[in-house]
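Breakdown of the fold
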Amino acid sequence: RAPQLHPTRAPPRCSTMRYSNYLRYSVAANIALVATFLVVAWTTSAGSSGLSARLSAFRRPVSMRAPAAAGALQRRTSVFAGPVVPETKTYDFSWMEDELSSPGMGMSNKDRPLLDLRVRPRRNRRTDGMRDMVRENILTPANFIYPLFIHDEKENEKIVSMPGCERHSLDSMLNEVGEARAEGVRSVILFPKVEDDKKTNFGEEAYNPEGIVPRAIRMIKAKYPDMIVITDVALDPYSSMGHDGIVENGVILNDETVQQLCRQAVTQAEAGADIVAPSDMMDGRIGAIRDALDVEGYTNVSIIAYTAKYASAYYGPFRDALDSHPGFGNKKTYQMDPANTREALLEAELDAQEGADMMMVKPGLPYLDIIRLLKEASDVPIAAYHVSGEYAMLKAAAERGWLNEKDVALETLLCMSGEKKQHVIWGWG
């Protein structure tokens, strides 16, 4: 029989007494829900400790991970008496025919409630295979750029504010590159920690051909010539002032700094860098670096411009890693104001005119709207930087058992991928 819909049936009305009872039950139910949430939160926070495994922990079931984190996840489900196994049972819904509440609801030929719908988005979510078939954004290791923190020491050094990450010796760096390559990651970006006695206001160590970055590039290219090596172009790791440019009377100079950046980029290209990535946010530096590379014969070296790099509070752990906190003040006179959106369009237009091959938004997750904005406004590829502060806060929550580390990491990356970027700088440890 055809579905029997009830276009004229009105929803049942409650008397004042029934409504009053309903309201009391509703309030009681919400209080119980809040109480349950507080119990779960309290039992989750009590006694949980950190995960010590690195990326390999992602591939393990919860039962094989660090006991404290697994225990926290177990406590979180214990309130509900453990996992529920769906029973195999077919119910009789025919009794609902006389109690249908919606005018748009009828009964199907199978005596089950039936909405008058032809479009049902849940059909495309019904099974794993169906979801795989219609998935709009797919992450692959080739989309990742692996940031490597390096120093001129024999041993690695843990970065306390970035659990699972280290400053690598050059030998360790080479091992990391090999492991990343085996997983399908094709790109790395190098960030150096420079010794204090090599830091100056003019950052001359940035273009020393025997400095740590040129040596690291040559090592990687000698062993893994097919790896894409990206370099950071900025003075802050080399600056005695901790800023991205030359400082004079408390002012970060623009054009004088750009001269130093050009020398730095050419030195990195000479060592074999495939891509240089100016992160300094000086005006006009993309065009100047493009010209400097071209005149020296490095026309095939690409430029990723840090186009929308915001003066963000999310950079703290990264500056710990490089020991590059500003010596005074902040970086708001050259990095962008987090309150500004349209300014990103101006920066993108200028970078494109000056010859940027790719553009980057940093940080990534808090600025998904900017990623989308630049993608729609520009024809060049867009990259997102999942920065140290984003990593640290998710890692801390995962160590306490409040989040599933693997799931939240992959979801975060997928969210940035969903904003139509091509590459993510991502260094999960």
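Before reading on, note that the structure itself is shown above.
Bear in mind that the values here come from a model prediction, so they are computed numbers and not experimental data.

Calculation rules
The numbering scheme is per chain: residues are counted from 1 as the chain's sequence reads. This being a predicted model, a pLDDT of at least 70 is required before a residue's local features are given, and a value of 80 or more before pairs of side-chain atoms are given or counted; all residues contribute to the totals for chains, interfaces and linings. Values reported for side chains reflect all heavy atoms of the structure, with hydrogen atoms and water molecules removed beforehand. Under the DSSP-based scheme used, a helix requires at least four consecutive residues in state H or I and a strand at least two consecutive residues in state E, with every element numbered from the N terminus. For the exposure calls, accessible area comes from a 1.4 Å probe over protein chains only, and a residue counts as buried if that area is under 20% of its type's maximum, exposed if over 50%, partly exposed in between. Here, two residues are considered to be in contact whenever any of their heavy atoms come within 4.5 Å of each other. With residues, only the protein chains shown are counted as cover, and all accessible areas are computed by Shrake-Rupley using a 1.4 Å probe. Note that patches include only residues with greater than 30% relative accessible area and no salt bridge, and the join distances are 9 Å for like charges and 5 Å for nonpolar side chains (Val, Leu, Ile, Met, Phe, Trp, Tyr). We define a salt bridge as a contact between a side-chain nitrogen of Lys or Arg and a carboxyl oxygen of Asp or Glu at a distance within 4 Å. When charges are tallied, Lys and Arg are placed among the positive residues and Asp and Glu among the negative ones, while His and the ends of the chain are skipped. A charged residue contributes its charge at one atom only: NZ of Lys, CZ of Arg, CG of Asp or CD of Glu. An axis is simply a line fitted to the C-alpha atoms; with a helix, the fit covers only the stretch in contact. Between two such axes, the angle follows the N-to-C directions and lies from 0 to 180 degrees. Oblique is the label for any angle not under 35 degrees, not over 145, and not in the 65 to 115 range, which are roughly parallel, roughly antiparallel and roughly perpendicular in turn. Each helix crossing is assigned a hand: it is left-handed if the near helix lies turned anticlockwise from the far helix by less than a right angle, otherwise right-handed if that turn is clockwise. Two strands pair if DSSP finds at least two bridges between them. With the strands aimed away from the viewer, a crossover counts as right-handed if its path from the first strand over the helix to the second runs clockwise. In these notes, a set of buried Ala, Val, Leu, Ile, Met, Phe, Trp, Tyr and Cys residues joined through side-chain atoms within 4.5 Å is what counts as a nonpolar core. To estimate how far a helix should extend, the number of its residues minus one is multiplied by 1.5 Å. Aromatic pairing here means that ring centres of Phe, Tyr or Trp (its six-membered ring) are within 6.5 Å. Orientation follows from the plane angle: under 30 degrees is stacked, over 60 is edge-to-face, and everything else is tilted. For a lysine, the NZ atom is tested; for an arginine, the CZ atom; a charge sits over a ring if that atom is within 6 Å of the ring centre and within 35 degrees of the ring normal.

1. Quick notes on the overall build of the chain
Check the secondary structure of the chain and you find 12 helices and 15 strands. Burial statistics for the chain: of 429 residues in total, 44% are counted as buried. Residue pairs in contact within the chain that sit at least 24 positions apart in sequence constitute 74% of those at least 6 positions apart. When the accessible surface of the chain is summed, it comes to about 22,700 Å², and 55% of that surface belongs to carbon and sulfur atoms.

2. Points about a negative patch on the surface
A cluster of acidic side chains, namely Glu248, Asp255, Glu256 and Asp283, defines a negative patch on the protein surface. With respect to the helices, strands and loops of the structure, Glu248 is situated in strand 9 (residues 247-248). A residue is classified by how much of its surface remains accessible, and Glu248, at 46% relative accessible area, is partly exposed.

3. Notes on the environment of Asp171
Checked against the element boundaries, Asp171 lands in helix 4 (residues 170-182). Note on Asp171: relative accessible area 56%, which makes it exposed. Along the primary structure Asp171 and Glu155 are separated by 16 residues, whereas in three dimensions their C-alpha atoms are 9.2 Å apart.

4. Focus: helix 7 (residues 285-295)
Those residues of helix 7 that fall on the buried side of the exposure criterion are Arg285, Ile286, Gly287, Ile289, Arg290, Ala292 and Leu293. Against the buried residues of helix 7 lie strand 8 (228-233), helix 6 (255-271), strand 11 (275-278), strand 12 (302-309) and helix 9 (342-354). A positive phi of about 90° marks Gly297, the residue just after helix 7.

5. Focus: the packing of helix 6 against helix 7
Orientation of helix 6 relative to helix 7, taken along the N-to-C sense of each, is 45°, at an axis distance of 9 Å. As the angle between them shows, helix 6 and helix 7 are arranged oblique. Taken as a pair, helix 6 and helix 7 cross one another with a handedness that is right-handed. Judged by residue contacts, Val258, Leu261, Cys262, Ala265, Val266 and Ala269 of helix 6 engage Arg285, Ala288, Ile289, Ala292 and Leu293 from helix 7.

6. A short note on the pairing of strand 11
Two faces, one strand: in a regular strand the side chains alternate between the faces of the sheet. Of the two faces of strand 11, the one holding Ile275 and Ala277 and the one holding Val276 and Pro278 are both buried throughout. Examined bridge by bridge, strand 8 and strand 11 share four bridges and lie parallel to one another. Within strand 11, the position partnered with Asp232 by the bridge is Ala277. Tracing the backbone out of strand 11, into helix 7 and back to the parallel element strand 12 gives a crossover that is right-handed.

7. Observations concerning the nonpolar core
Membership of the largest hydrophobic core comes to 47 residues, with the highest contact counts inside it found for Met173, Leu190, Ile220, Ile289 and Leu293. For this core, the secondary-structure elements that each account for two or more residues are strand 4 (144-151), helix 4, strand 7 (187-193), helix 5 (212-223), strand 8, helix 6, helix 7 and strand 12. In terms of residues, this core owes the most to one element, helix 6, which gives seven residues. Not counting residues up to four positions away in its chain, the partners in contact with Leu190 are Leu148, Ile150, Met173, Val213, Ala216, Ile217, Ile220, Val229, Ile230 and Asp232.

8. Brief notes about helix 11 (residues 388-399)
It helps to recall that an α-helix has 3.6 residues per turn; residues three or four apart then point in one direction. Relative to the 16 Å expected for 12 residues at 1.5 Å per residue, helix 11 spans 16 Å between its end C-alpha atoms, a close match to the ideal helical length. For helix 11, the complete set of buried residues consists of Ser388, Gly389, Glu390, Tyr391, Ala392, Leu394, Lys395, Ala397, Ala398 and Glu399. One or two positions beyond helix 11, positive phi appears at Gly401, with a value near 80°.

9. Things to note about the packing of aromatic side chains
Scanning the model with the defined rule gives five aromatic pairs in all. Relative to Tyr385, the ring of Phe191 has its centre 6.4 Å away and its plane inclined at 45°; by these criteria the two rings are tilted. With Phe191 in strand 7 and Tyr385 in strand 14 (residues 382-385), this residue pair connects regions lying 194 residues apart in the sequence. Pair check on accessibility: Phe191 and Tyr385 agree, each one buried. Members of the aromatic cluster, each reached through a chain of ring pairs, are Phe149, Phe191, Tyr306 and Tyr385. Lying over the aromatic face of Tyr385, Lys362 brings its terminal NZ or CZ to 4.4 Å of the ring centre.

Function-wise, these values are silent; they only describe arrangement.
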